[in-house]
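Each chain is listed here by its residues.
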Amino acid sequence: MSQMESQNIFDNKVFFDSYMDLRQKANFNDLLEQPAMRKMLPDIKGKDILDIGCGFGANCLEFSALAHSVTGIDISIRMLETARKINCAGNIKYMNLSMEDMDCLPSMSYDLVYSSLAFHYALDFDRLISSCHRVLKKNGILLFSQENPITTASKNTDNRYVRDEEGNVFFKLADYQSEGERHVKWFVDDVIHQHRKVSTIITVLCKNGFMIQECVEPKPDKDAVKILKGLARDLIKPSFIIFKALKGD
């Protein structure tokens, strides 16, 4: 892994198989994060879309029904192999490309840059956001979700939350001000996430010429909690944060 690349954990077979199995069940992505992202989508009819960290291409296929073109990039070869098999269409192009090395993508080419739960893996967030601005057309939209900094704050990732007497989960904020790597166990040991403060995310977006239109910390509805009881914890604290930003002149 170069200094400019995020960890490619999705090409670990154990992690990949476990993740794909999770996505076949009721999960936080489908019941909480994705519904919120869909509500924030701009009009995509006839548009050119870039999906950063596209994974196995589910969003790319959904976009392709209305969009003019969809380009999905991902660092994981396993994910892209799956995308090309099960989520392909004539107007979708998949590329094996790191989100922090998008220099090969043409400037001012996309109406929408979209990313679902990938940006918290980025080492160089400033470079990533700068690249997003460069590839967007005038008045283009950047829409991305990531882990909420509340959840990534604690450096002690083996003991990063407490429970009250009713079993509600509260994440510890002891290390919120200390940005950087967080090593967690998720299917396998030593999955690396990057912790950034909300203020850092906002500042980097503004510094790179974006105007924030919306910021949402999604909350589950009653129907979602009935399907997956674990979502009840997000009635207390948010797992995700979503930004929608307009490219300035």
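About the criteria used
- Residues numbered from 1 in each chain as written.
- Predicted model: local features only at pLDDT ≥ 70, side-chain atom pairs only at ≥ 80, totals over all residues.
- Heavy atoms only, no water.
- Buried < 20%, exposed > 50% of the residue type's maximum accessible area, 1.4 Å probe, protein only.
- Helix = DSSP H or I, 4+ residues; strand = E, 2+ residues; numbered from the N terminus.
- Arc of directions from axis to C-beta.
- Polar contact = N/O pair within 3.5 Å; in protein donor to acceptor, adjacent residues only side chain to side chain.
- Salt bridge = Lys/Arg side-chain N within 4 Å of Asp/Glu carboxyl O.
- Pairing = 2+ DSSP bridges.
- Axes fitted to C-alpha atoms, helices over the stretch in contact; angles between N-to-C directions.
- Contact = heavy atoms within 4.5 Å.
- 1 Å grid on protein atoms, 1.4 Å probe; cavity = no way out; pocket = protein on both sides within 12 Å on 5 of 7 lines; lining within 4 Å.
- Points joined across faces, edges and corners; volume = space filled by probe spheres on them.
- Disulfide = S-S within 2.5 Å.

Q: Before we go on, may I ask you to explain helix 4 (residues 77–86) in this structure?
A: Helical periodicity: at 3.6 residues per turn, an α-helix aligns residues three or four positions apart in one direction. Residues of helix 4 that are buried include every one of Met79, Leu80, Thr82 and Ala83, and no others. Buried residues along helix 4 cover an arc of 160° about the axis, so they all sit on one side. The residue sitting at the N-terminus of helix 4 and contributing the capping side-chain oxygen is Ser76; that oxygen lies 3.4 Å from the backbone nitrogen of Arg78.

Q: I would appreciate a short explanation of the pattern of salt bridges in the present structure.
A: Two side chains with opposite charge may pair up if their charged atoms get near one another. All told, the structure shown has eight salt bridges when counted by the stated rule. For the salt bridge of Asp101 with Arg127, the shortest nitrogen-to-oxygen distance reads 3.6 Å. With Asp101 in the loop between strand 3 (92–96) and strand 4 (110–115) and Arg127 in helix 5 (residues 125–135), the pair connects residues that are 26 residues apart, well separated along the chain. Look at Asp101 and you get partly exposed, because its relative accessible area is 36%. Since its relative accessible area comes to 24%, Arg127 is described here as partly exposed. Taken together, the shared-partner salt bridges in this structure form one network comprising Asp48, Asp111 and Lys137.

Q: I tried to follow the sheet that holds strand 2 (residues 69–74) on my own but got confused; where do I start?
A: Two modes of strand pairing occur in sheets, parallel and antiparallel, and in both the strands are linked by backbone hydrogen bonds. Taken in spatial order, the seven strands of this open sheet run 3-2-1-4-5-11-10, and their pairing is mixed. Looking at which strands have only one partner, the edges of the open sheet turn out to be strand 3 and strand 10 (210–216). Across the sheet, the mean angle from the axis of one strand to that of its neighbour is 15°, orientation sign disregarded. Here strand 2 pairs with strand 3 via five bridges, running parallel. Paired with Val70 across the bridge in strand 3 is Ile92. Running at roughly 145° to strand 5 (residues 136–147), helix 5 makes contact with strand 1 (48–52), strand 4, strand 5, strand 10 and strand 11 (240–247) of the sheet.

Q: Could you clarify how one ought to interpret the layout of surface pockets in this entry?
A: To find leftover empty space, a probe the size of one water molecule is rolled over the atoms. There is about 190 Å³ of room inside the second largest pocket. Forming the boundary of the second largest pocket are Leu31, Leu32, Pro35, Ala36, Lys39, Met40, Val216, Pro218, Lys219, Pro220, Asp221 and Ala224. The element best represented in the lining of the second largest pocket is helix 2 (residues 28–40), accounting for six residues.

Q: Is there a simple way to explain the state of the cysteines in this structure?
A: Should the sulfur atoms of two cysteines be covalently bonded, the bond is a disulfide. Going through the model one piece at a time under the given rule, you end up with zero disulfides. The thiol of Cys60 is not disulfide-bonded; the next cysteine sulfur, from Cys54, is found 4.6 Å away. By relative accessible area, Cys60 is classed as buried at 0%.

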